[in-house]
Amino acid sequence: MTDVVLTLSAVFIAAGALLLIANHFDYPVIPFYIAAGILAGTFIAPPEIIELAQWGIAFLVFVFGIRIDLTDVRSVLRDAEIAAVAQLLVVGVVAVGVGYGLSSFFGFDYPVRNAIYFAAAATFSSTIVGSGILAEEMRNNLVYGRLASSIHFFDDIVAIGVVLFLSADILTDPQLVTSNIGYGMLLLFAGIMFYRYGFPLLVRIADGSDELVLMGSISILIVFIAVAEAANISIVVGAFAAGLAIRDEGDEALNVRNGIASIKDFFAAIFFVTIGALVQLPTVEIIVLTVVLVVLVLFVNPAVHTAAFLYEGYDARTSFFASSALTQTSEFALIIAIQAWLLGTI
């Protein structure tokens, strides 16, 4: 507990000092969060940084799960799946090949696994960044907003599968992989079932009390995370399932979103500060990998998505805007890297 308090103190002292500068000059806060993390990283041990990063990502993924409108997603899911699968096949295969080649060339251990980690970073798009970009489009029910949101949803499901698969040592215990995937699928199924039957019951029991609905929603998150911990799988999987369990419609959902929004800012700060704390001086190998990754994410991904959307019959404008909202690297790539670091396979 003392280590956690000291870690959070270092994080928020550094963040607070730099945010004074950002606020005074009206600068965007995220670069200052990252800079604060670089400063705080000199005082924080890597295990504490990793743990904070996982909690920050878990809560932000939970918020994204709440915002998913299954009805809107379902209406474009077939076309979004086709575009997502096309992108996974094209970019994923290319990224695996490039990642394996670079890993072998630089003499990295575990070149196959490193190729998978690299492909995950190149292929999956970010729900955290994407949901911020698409907030207005989703409110206005624009087609390209729903298409991009569907791709995020699809990517998250695939990424969760990769997290579950790589969280076990496939070389020595393949049965553990099967059990991890099974537990993860059960959590997601439980989240969807609670969305259909449990959350309406919670609203009725609350009898109009916004505070009870909000506390019930936070309790759902804690329960799902606890189950994920007990099953020895990533807490991010439990957080995503908990987000799916909460309805994003009606006055009660609006009150939940408003209440969670303030908490989200707290965890967003933790997330971006811990990202900064993980920053190190890059080697030549890392610079090369980064350049290749940027090319895949910013140019190859949107080109494949645009071609797939045009093939499905969407107009050029919709295809372009939907593809442009998908040019990020997923936070799940960081979770995969953290899992790999804990296993010593990256």
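Residues numbered from 1 in each chain as written. Predicted model: local features only at pLDDT ≥ 70, side-chain atom pairs only at ≥ 80, totals over all residues. Heavy atoms only, no water.

Let us now look at the overall build of the chain. When helices and strands are counted, the chain shows 15 helices and 0 strands. In the chain, which comprises 346 residues, the share counted as buried stands at 48%. Summarising the internal contacts of the chain: among those between residues at least 6 apart in sequence, 79% fall at separations of at least 24. (Helix = DSSP H or I, 4+ residues; strand = E, 2+ residues; numbered from the N terminus. Buried < 20%, exposed > 50% of the residue type's maximum accessible area, 1.4 Å probe, protein only. Contact = heavy atoms within 4.5 Å.)

At Asp26, a residue that is not glycine, the phi angle is positive and equals roughly 55 degrees. Along the chain, Asp26 falls in the loop between α1 (2-25) and α2 (30-40). Phi is positive for Asn232, which is not a glycine, with a value near 65 degrees. Note that Asn232 resides in the loop between α10 (210-230) and α11 (235-244).

Taken N-terminus to C-terminus, the directions of helix α8 (residues 143-166) and helix α14 (residues 316-324) make an angle of 40 degrees; their axes are 8 Å apart at the nearest point. Taken together, the axes of α8 and α14 are oblique relative to one another. You can see that α8 and α14 cross each other, and the crossing is right-handed. Residues Val143, Tyr144, Leu147 and Ala148 of α8 touch α14, and the partners they reach there are Arg317, Thr318, Phe321 and Ala322. Among the residues forming the contact of α8 with α14, the class breakdown is 6 nonpolar, 1 polar and 1 charged. (Axes fitted to C-alpha atoms, helices over the stretch in contact; angles between N-to-C directions. Parallel < 35°, antiparallel > 145°, perpendicular 65-115°, else oblique. Left-handed = near helix turned anticlockwise from the far one by under 90°. Nonpolar A, V, L, I, M, F, W, Y, C, P; charged D, E, K, R; others polar.)

A word on the nonpolar core. Formed by 69 residues in total, the largest nonpolar core has its most connected members in Phe62, Phe240 and Ile260. Here the element with the most residues in this core is helix α3 (residues 46-67); it accounts for 11 residues. In this view, Phe62 contacts Ser217, Leu221, Ala239, Ala242, Gly243, Ile246 and Ile260; residues no more than four positions away in its chain are not counted. The next biggest cluster of nonpolar side chains, apart from the first, holds 13 residues, and it includes Ala148, Phe154, Ala308 and Ala325. (Core = buried A, V, L, I, M, F, W, Y, C linked by side-chain atoms within 4.5 Å.)

Below, the discussion takes up the side chain of Ser323. Inspection of the secondary structure puts Ser323 in helix α14. Setting aside its immediate chain neighbours within four residues, Ser323 contacts Pro302, His305, Thr306 and Phe309.

Turning our attention to a nonpolar patch on the surface. Taken together, the side chains of Ile287, Val291, Val294, Val295, Leu298 and Phe299 make up a nonpolar region of the molecular surface, amounting to roughly 530 Å² of accessible area. Note on placement: Ile287 falls in helix α13 (residues 284-311). (Patch = residues over 30% accessible without salt bridge, like charges linked within 9 Å, V, L, I, M, F, W, Y side chains within 5 Å. Areas by Shrake-Rupley, 256 points an atom, 1.4 Å probe, with all protein chains shown as cover. Salt bridge = Lys/Arg side-chain N within 4 Å of Asp/Glu carboxyl O.)

On to the packing of aromatic side chains. Summed over all chains, the structure comprises 7 aromatic pairs. Ring geometry for Phe25 against Tyr27: centres 5.6 Å apart, planes inclined by 15 degrees, an arrangement best described as stacked. A relative accessible area of 44% means that Tyr27 is categorised as partly exposed. Put simply, the rings of Phe25, Tyr27 and Phe32 touch in pairs and so form one group of aromatic residues. (Phe/Tyr/Trp six-rings, centres within 6.5 Å; stacked < 30°, edge-to-face > 60°.)

Each pair of packed helices can be summarised by the angle the axes make with each other and by the distance between the axes. Where α13 meets α14, the closest approach of the two axes is 9 Å, and the angle between their N-to-C directions is 145 degrees. The handedness of the crossing between α13 and α14 comes out as right-handed. The residues of α14 that touch α13, namely those facing Pro302, His305, Thr306, Phe309 and Leu310, are Ala316, Ser319, Phe320, Ala322 and Ser323. Residue composition of the contact of α13 with α14, by class: 6 nonpolar, 4 polar and no charged.

The next point concerns α10. The first and last C-alpha atoms of α10 sit 30 Å apart over 21 residues, in line with the 30 Å expected at 1.5 Å per residue. Of the residues making up α10, those classed as buried are Val213, Leu214, Gly216, Ser217, Ile218, Ile220, Leu221, Phe224, Ile225 and Ala228. Asn232 occupies a position one or two residues after α10 and carries a positive phi of about 65 degrees. (Expected span 1.5 Å × (residues − 1).)

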